[in-house]
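The primary structure of each chain is shown beneath.
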Amino acid sequence: MKTIYLHVGMPKTATTFLQARWFPFLKGIRYQDKAVKDLIDRMIYTNPILLDLPNIRKEFDGLLANTEGERLLISQERLFGNMLQNYQDNVYLAGCLKVVFPNAKLIIVIRRQDELAESIYKQALQSYYCQTLDSFLNYRNGTFADSCNWTWTGTCRTT
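Nothing here was measured: the structure is a model prediction, and the numbers come from that model. (Residues numbered from 1 in each chain as written. Predicted model: local features only at pLDDT ≥ 70, side-chain atom pairs only at ≥ 80, totals over all residues. Heavy atoms only, no water.)

Draft legend 1. Expanded view of the sheet that holds strand E2 (residues 30-31). The four strands are arranged E2-E3-E1-E4 in an open sheet whose pairing can be described as parallel. The open sheet is flanked by E2 and strand E4 (105-107), the only strands paired with a single partner. Bridge count for strand E1 (residues 3-8) against strand E3 (residues 71-76) is six bridges, and the pairing is parallel. When the bridges of E3 are listed, Tyr5 appears paired with Leu73. (Pairing = 2+ DSSP bridges. Helix = DSSP H or I, 4+ residues; strand = E, 2+ residues; numbered from the N terminus.)

And the structure:
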């Protein structure tokens, strides 16, 4: 049985550095190839209504059977969720990962929160995603609002 290491690269935690300068050079661990990356991208970017996870799992098992070595490392920062949408899809993506990679060993890198928030805000501004710092941090009326504070009324809407 092959061991799968899944690096769910939280944005702004040296993911790009690890992908370029560290992961490809680990001895005894095969780093993802184009076919694996394409499969992961399809899982991330396909509309959930159209995504056939059992089929994705079968495709991955086929790729894995043809992969040399006993250990495979997969790394993709988007698996953590979309940072410009407040990671609203991270629960959905975690469910997808559980189906496709049920026995994977997770690698998660964390960063000090204040530095992380500053770095994400700067990147958002560089990407022309303009909002005030208070809005970005959900700071309203002298307090930080819970970004997940919503009520169900038959349709999805935030309060």
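Draft legend 2. Summary view of helix H4 (residues 90-100). Looking at H4, one finds that the buried residues are Leu93, Cys96, Leu97 and Val100. Along the axis of H4, the buried positions cluster into a sector of 100°, meaning they face one direction only. Relative to its buried face, H4 has exposed residues pointing more than 90 degrees away, namely Val91 and Lys98. (Buried < 20%, exposed > 50% of the residue type's maximum accessible area, 1.4 Å probe, protein only. Arc of directions from axis to C-beta.)

Draft legend 3. Spatial organisation of the packing of aromatic side chains. The full count for this structure, using the stated rule, is two aromatic pairs. Residues Phe23 and Tyr31 carry aromatic rings whose centres are separated by 5.9 Å and whose planes lie at 45° to one another, so their mutual orientation is tilted. Considered together, Phe23 and Tyr31 belong to a single accessibility category, that of buried residues. Ring centres 4.6 Å apart and planes at 80° place the aromatic pair Phe60 and Phe101 in the edge-to-face group. Separated by 41 residues along the polypeptide, Phe60 in helix H3 (residues 53-65) and Phe101 in the loop between H4 and E4 bring together distant segments of the chain. We note that Phe60, like Phe101, is buried. (Phe/Tyr/Trp six-rings, centres within 6.5 Å; stacked < 30°, edge-to-face > 60°.)

Draft legend 4. Quick peek at the pairing of E3. Of all six residues making up E3, five are buried, and the element is well covered by its neighbours. By the bridge criterion, two bridges tie E2 to E3 in an arrangement that is parallel. By the bridge assignment for E3, Tyr31 is matched with Leu73.

Draft legend 5. Here's a closer look at the side chain of His7. Along the chain, the position of His7 falls in strand E1. Of the polar contacts made by the side chain of His7, one reaches the side chain of Ser75; its length is 2.7 Å. Setting aside residues up to four positions removed in sequence, His7 forms contacts with Thr15, Leu18, Phe23, Leu73, Ile74, Ser75, Gln76, Leu79, Ile107 and Val109. (Polar contact = N/O pair within 3.5 Å; in protein donor to acceptor, adjacent residues only side chain to side chain. Contact = heavy atoms within 4.5 Å.)

Draft legend 6. Broad picture of the nonpolar core. In terms of nonpolar packing, the biggest core is built from 21 residues, with Met43, Phe60, Ile74, Leu79 and Phe101 touching the most fellow members. For this core, the secondary-structure elements that each account for two or more residues are E1, helix H2 (34-45), H3, E3 and H4. It is H2 that provides the largest number of residues to this core, a total of five residues. Beyond its immediate stretch of four places on either side in the chain, Phe101 contacts Ile4, Leu6, Ile40, Met43, Phe60 and Ile74. In terms of nonpolar packing, the next biggest core, distinct from the first, is built from seven residues, Tyr87, Leu116, Tyr121 and Phe136 among them. (Core = buried A, V, L, I, M, F, W, Y, C linked by side-chain atoms within 4.5 Å.)

Draft legend 7. The arrangement of H3 in detail. Here H3 contains 13 residues, and its C-alpha end-to-end distance of 18 Å stays within 8% of the 18 Å for a straight helix at 1.5 Å per residue. Looking only at H3, the buried set comprises Leu53, Ile56, Phe60 and Leu64. Each buried residue of H3 lies within a common arc of 75° when the element is viewed along its axis, so the set occupies one face. Turned more than 90 degrees from where H3 packs its buried face, Pro54, Lys58 and Ala65 sit exposed. Taken together, the buried residues of H3 touch E1, H2, E3 and H4. (Expected span 1.5 Å × (residues − 1).)

So far we have only geometry, and geometry alone does not tell us how the molecule works.
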